[in-house]
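Chains, contacts and geometry: an overview
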Amino acid sequence: MKNKNMENTDTKPKIKMAIYWGAACGGCCVSVLDVHESLFDIVAAADLVFWPIALDFKYKDVEAMPDKHIDLTLFNGAIRNSENEHIAKLLRQKSKILVAYGSCAHMGGIPGLANFSNKKEIFNRVYHETESTENPDKITPQTKHEVKEGILELPVFYNDVLTLNQVIDVDYYLPGCPPQTERLVEVFTAIVSGAELPPKGSVIGALEKPQCDDCKREKTDKKIVKKFYRPWEIEDDGKTCFLEQGIICMGPATRGGCGNARCVVGNAPCRGCYGPTEDVIDPGAKMLSAIASVIDSTDPDEIDKIIEDIPDTGGTFYRFSLPSAVLRRKVMEQ
Ligand code: SF4
Ligand code: SF4
């Protein structure tokens, strides 16, 4: 994909750029500011035409733009409600290149773990059951409420959390929770310089090989694990592969590119935020295979017992990816 319209030199106009968050924590927007002094290069090459977290633009400003008016949109966050979906569709219509920025837009991310429950359960817990809730009239949010000044509206809360590409066509995916700022600068520079871009639909700013390929920890490739632990239950020796110490590390099922397994370098196991490589259909299935390769037993009952020690397998294996995984959600009564 050649971005001819985006060549940017001192004599050429700046590109128009938008940044938006759907269901997200705000970390992706902060990661844009984390480029530090490179922010001056970004604003020298791009006019920010929409970025609600930082600048006072209104939705009607975007609605008034001609189609494809925005050269580049970075959309972070999953689709949790009707407002997220509406703005995703609006920005798609107004943007030449739209990037799913960060794990939540890419795969559903942490908000996607809500697919282990449903709207009814979430509303019950949040509005009726939490220890700090006092709601004797059992009021829950309504999408329309009439007051004397007029009608107040709230977005419709969906039963499922969706990935961005489950509601709109996405050009590229820049993974990470949040994406590493160095990768953002590289991708941005490629786009504004008019470089040849990879085929539409590609994951950019990441590698095709798993984290383990870049990891410097020692691996024996032997079956040596009799028990799995949470990281705080065992003293990490600082040099042996986490998995071989019985600590779940998502490295085998996770795409490299964050910076030589950045968390592992900091002595924390990889949590999987860059998502699976192209050849991994499902990160949970890949991790089961990796785990099977380190368990020291051939006795089915003992293997069952060892696997039972893995805490919260769903949340661990699909921490960032549940809505995009084969599993997608827990099947339950609506
Ligand atoms: S499982 Fe984790 S610690 Fe082990 S080699 Fe892979 S990335 Fe490194
Ligand atoms: S090591 Fe894993 S969890 Fe940490 S930043 Fe890299 S991909 Fe994300």
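Attention in this report is confined to the structure presented alongside it. These numbers were taken from a predicted model, which means no experiment stands behind them. (Residues numbered from 1 in each chain as written. Chains lettered and ligands numbered in written order. Predicted model: local features only at pLDDT ≥ 70, side-chain atom pairs only at ≥ 80, totals over all residues. Heavy atoms only, no water.)

Some remarks on the overall build of the protein chain
The line we're drawing: In this description a helix means any DSSP run of H or I spanning at least four residues, a strand means any run of E spanning at least two, and both kinds are numbered starting from the N terminus. Classification of residues uses two cut-offs on accessible area relative to the type maximum, computed with a 1.4 Å probe and protein chains only: under 20% is buried, over 50% is exposed, and between them is partly exposed. Any two residues whose heavy atoms approach within 4.5 Å at even a single point are treated as in contact. Only the protein chains shown count as cover for residues, and all accessible areas are computed by the Shrake-Rupley method using a 1.4 Å probe.
The helix and strand inventory of the protein chain stands at 12 helices and 10 strands. A buried classification covers 46% of the 334 residues belonging to the protein chain. Considering only contacts in the protein chain between residues 6 or more positions apart, those separated by 24 or more positions represent 75%. Working note: accessible area of the protein chain is about 17100 Å², and carbon and sulfur atoms make up 55% of it.

Here's the deal with the sheet that holds strand β5 (residues 95-101)
Quick reminder of the rule: Two strands are said to pair when DSSP picks up at least two bridges between them. Every axis in this analysis is a line fitted to C-alpha atoms, fitted for helices over the stretch in contact. Angles between the N-to-C directions lie between 0 and 180 degrees.
Strand order in the open sheet made by the 6 strands is β2-β1-β3-β5-β9-β10, with parallel pairing throughout. In the strand order of this sheet, the two ends are held by β2 (46-50) and β10 (202-203), each with one partner. Pairing geometry for β5 and strand β9 (residues 172-174), over 3 bridges, is parallel. From the neighbouring strand, Val99 faces β9, where its bridge partner is Tyr172. Relative to β2, helix α2 (residues 38-45) is tilted by about 80°, and along the sheet it contacts β1 (15-21) and β2.

Here we look at the site of ligand 2
Short version of the rule: Residues are labelled near a given molecule or strand when at least one of their non-hydrogen atoms is within 4 Å of it. Residues are sorted three ways: Asp, Glu, Lys and Arg are charged, Ala, Val, Leu, Ile, Met, Phe, Trp, Tyr, Cys and Pro are nonpolar, and all the rest, Gly among them, are polar.
Residues in close proximity to ligand 2 include Gln211, Thr254, Cys258, Ala261, Arg262, Cys263, Cys270, Arg271, Gly272, Cys273 and Tyr274, which together make up its full environment. For the shell around ligand 2, a count of residues per class yields 6 nonpolar, 3 polar and 2 charged.

Observations concerning the state of the cysteines
We count it as follows: The term disulfide is used for any two cysteine sulfur atoms that are within 2.5 Å.
Taken as a whole and assessed by the stated rule, the structure comprises 0 disulfides. Cysteine Cys29 shares no disulfide, and the gap to the nearest cysteine sulfur, in Cys28, comes to 7.2 Å. Residue classification places Cys29 among the buried residues on the basis of a relative accessible area of 3%.

Quick look at the side chain of Lys94
Looking at the element boundaries, Lys94 is found in helix α4 (residues 82-94). For Lys94, a relative accessible area of 4% translates into the label buried. Leaving out residues up to four positions away in the same chain, Lys94 has contacts with Val62, Glu63, Met65, Pro66, Asp67, Lys68, His69 and Ile70.

A short note on the site of ligand 1
Taken together, the neighbourhood of ligand 1 is formed by Cys212, Cys215, Lys219, Cys241, Phe242, Cys249, Gly251 and Pro252. When its residues are assigned to classes, the shell around ligand 1 shows 6 nonpolar, 1 polar and 1 charged.

Concerning the packing of aromatic side chains
We describe a pair of aromatic rings using the distance from one ring centre to the other and the angle between the two ring planes. Threshold: In this scheme Phe, Tyr and Trp rings, the latter by its six-membered ring, pair at centre separations within 6.5 Å, and the angle between planes marks the pair as stacked below 30 degrees, edge-to-face above 60, and tilted otherwise. Think of it as a cone above the ring: NZ of Lys or CZ of Arg counts as a charge over the ring if it is within 6 Å of the ring centre and within 35 degrees of the ring normal.
A complete count under the given rule lists 6 aromatic pairs for this structure. Consider the rings of Tyr20 and Phe50, whose centres lie 5.7 Å apart with planes at 5°: the pair is stacked. Of this pair, Tyr20 sits in strand β1 while Phe50 sits in strand β2; the two residues are 30 residues apart in sequence, bridging distant segments of the chain. Given a relative accessible area of 1%, Phe50 falls into the buried group. Ring pairing ties together the aromatic residues Tyr20, Phe50, Tyr59 and Phe75, which thus form one cluster. Across from the ring centre of Phe123, 5.4 Å away, lies the NZ or CZ of Lys119, which sits over that ring. Across the ring face of Phe242, the terminal group of Arg217 is positioned such that the distance to the ring centre comes to 4.0 Å.

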